[in-house]
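Geometric and topological summary
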Amino acid sequence: MAIEYIRFQVATPDAHGHFKGVFGLLNNLGRQGRLSAEQESFRRANNSWYDAAYTDPSTVDPSVYDPAVNPGATAWFKPSATHLVERLDGYLEILDAHGVPWRKATSTDPGRVVYEDDVQIVVVPRAAVPA
């Protein structure tokens, strides 16, 4: 049986055809100063929790998100990472409050795997894999 990976991302791609993930979307709102004090506090506390709960792939392999090496690389949760996915509701509520359209994506084959650990994979989407 195939594993179905999960990702929460913007509903439509950016100008480069990339789908920014939920963490990047919320962090952009924070950097732009668009979050309320309560939302910013939530973002900081939960980002810290996620930083402690699982590995940032770029700390293991700095080239994981390098656009020249792995164009369009995106992280996907493994289905076993329910403890991580369950905490996303607050992120999604803030995106909704700011009118940022998002969607839950699932795939058994999201792309070429360039990093993997016990809770996530990072892939280069098939469309972005050079021919």
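Rules and cut-offs
- Residues numbered from 1 in each chain as written.
- Predicted model: local features only at pLDDT ≥ 70, side-chain atom pairs only at ≥ 80, totals over all residues.
- Heavy atoms only, no water.
- Buried < 20%, exposed > 50% of the residue type's maximum accessible area, 1.4 Å probe, protein only.
- Helix = DSSP H or I, 4+ residues; strand = E, 2+ residues; numbered from the N terminus.
- Phe/Tyr/Trp six-rings, centres within 6.5 Å; stacked < 30°, edge-to-face > 60°.
- Core = buried A, V, L, I, M, F, W, Y, C linked by side-chain atoms within 4.5 Å.
- Contact = heavy atoms within 4.5 Å.
- Axes fitted to C-alpha atoms, helices over the stretch in contact; angles between N-to-C directions.
- Parallel < 35°, antiparallel > 145°, perpendicular 65-115°, else oblique.
- Left-handed = near helix turned anticlockwise from the far one by under 90°.
- Nonpolar A, V, L, I, M, F, W, Y, C, P; charged D, E, K, R; others polar.

On to helix 5 (residues 89-97). Every buried residue of helix 5 is listed here: G90, Y91, L92, I94 and L95. After helix 5 finishes, the residue G99 shows a positive phi value of roughly 70°.

A few words now on the packing of aromatic side chains. Summed over the entire model, instances satisfying the criterion amount to eight aromatic pairs. Between F8 and W102 the ring centres are 6.1 Å apart and the planes differ by 50°, which places this aromatic pair in the tilted class. Of this pair, F8 sits in strand 1 (residues 5-10) while W102 sits in strand 3 (residues 102-107), placing them 94 residues apart in sequence. Accessibility expressed as a relative area gives 10% for F8, which makes it buried. The partly exposed category is assigned to W102, whose relative accessible area is 28%. Taking the centre distance of 5.2 Å and the plane angle of 80° together, the rings of F23 and Y91 count as edge-to-face. With F23 in helix 1 (residues 22-31) and Y91 in helix 5, the pair connects residues that are 68 residues apart, well separated along the chain. For Y91, a relative accessible area of 0% gives the class buried.

Among the nonpolar cores identified, the biggest contains 22 residues, and V22, F23, F77, L88 and L95 are the most heavily contacted of them. Those elements giving two or more residues to this core turn out to be strand 1, helix 1, helix 4 (82-85) and helix 5. In terms of residue count, the dominant contributor to this core is helix 1 (five residues). Filtering out sequence-adjacent residues up to four positions away, L88 remains in contact with F8, V22, F23, Y50 and F77. Y5, W76, A105 and I121 belong to the second-largest nonpolar core, a separate cluster that totals five residues.

This part takes up the packing of helix 1 against helix 5. The interhelical angle for the contact between helix 1 and helix 5, taken along N-to-C directions, is 50°, at an axis separation of 10 Å. On the basis of the axis angle, helix 1 is oblique to helix 5. Helix 1 and helix 5 meet at a crossing whose hand is left-handed. Listed contacts from helix 5 to V22, F23, L25, L26 and L29 of helix 1 are Y91, L92, I94 and L95. Residue composition of the contact of helix 1 with helix 5, by class: nine nonpolar, no polar and no charged.

All right, on to the side chain of R43 then. Inspection of the secondary structure assignment puts R43 in helix 2 (residues 37-53). Setting aside residues no more than four positions away along its own chain, R43 makes contact with L26, N27, G30, L35 and Y91.

For V64, the position within the fold is in the loop between helix 3 (57-60) and strand 2 (74-77). Between the alpha carbons of V64 and V113 there is a distance of 10.0 Å; along the sequence they are 49 residues apart. Residues contacting V64, with those up to four places away along its chain left out, are P57, N70, A73, V114, Y115 and V122.

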